[in-house]
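Observations on the model geometry
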Amino acid sequence: MTVHPPSDIRVTQRLISAWKGIPNTSIQSKPLLIYHSAFQASASELSSHLEKVGAVVPQWQYSMYPTTHFHSTTHEVLGVVSGRARLCFGGEGNPERFEPTVQKGDLMVVPAGVGHRLLEDLDGGFKMVGSYPPGKQWDMCYGNEDEEEKVKSIEKLGWFDKDPLYGNDGPALNV
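Residues numbered from 1 in each chain as written. Predicted model: local features only at pLDDT ≥ 70, side-chain atom pairs only at ≥ 80, totals over all residues. Heavy atoms only, no water.

The chain appears in an unreviewed UniProt entry as Cupin type-1 domain-containing protein from Byssochlamys spectabilis.

Some words on the UniProt feature "domain: Cupin type-1" (unreviewed entry) in the chain
In this structure's numbering, the residues bearing the UniProt feature "domain: Cupin type-1" (unreviewed entry) are residues 68–116. End C-alpha atoms of residues 68–116 are separated by 5 Å, and the span's content is 0% helix alongside 43% strand. (UniProt positions renumbered as here; feature names shortened; annotations may be inferred. Helix = DSSP H or I, 4+ residues; strand = E, 2+ residues; numbered from the N terminus.)

Re the pattern of salt bridges
If you walk through the whole model with that rule in mind, you get six salt bridges. D123 serves as the salt-bridge partner of R84, at 3.0 Å between the closest nitrogen and oxygen. Of this pair, R84 sits in strand β7 (residues 84–89) while D123 sits in the loop between β10 (116–121) and β11 (127–132); the two residues are 39 residues apart in sequence, bridging distant segments of the chain. According to the relative accessible area criterion, R84 is partly exposed, its value standing at 33%. Between K152 and E149 there is a salt bridge; the shortest N-O distance is 3.4 Å. Residue K152 and its partner E149 are located together in helix α2 (residues 148–153), separated by three residues, close to a single helical turn. Relative accessible area serves as the criterion here: at 48%, K152 is assigned to the partly exposed category. Since its relative accessible area comes to 58%, E149 is described here as exposed. (Salt bridge = Lys/Arg side-chain N within 4 Å of Asp/Glu carboxyl O. Buried < 20%, exposed > 50% of the residue type's maximum accessible area, 1.4 Å probe, protein only.)

See the structure below:
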């Protein structure tokens, strides 16, 4: 596995205002982060690396769910291990939404509350490793009125003590 030094990669940071029932980054003011071309690895190699760093625990290998959703119980780290896709962060009707194209080697740090969904699998075979901080289990929220208590719980979530990809120094520690 190859991990490119933080100084050699481009990092996109995006704050996204709340929209309808999706809090996005409004609660903790931690940005969505995309580390572009940060690593070269298979799914198993990336999973092993993330486990060794210890900031997150890999839990699944899959595409991204095609319906806008967010998590209220945990932040999420997504490492693209095959293909390319166009994603939507913030809610597809949100004028402040962000629709990047991500590809193999990109790593995303998605703060709790940020709405996200797959818009288009560009090549077929888009797959990511999904990871969460130790002891955290993800939930599925959709911006419904009955999720208000879950949304309030986001403010109590701690941020990362280590960067999920780089450990003691990395972009997630500098936000």
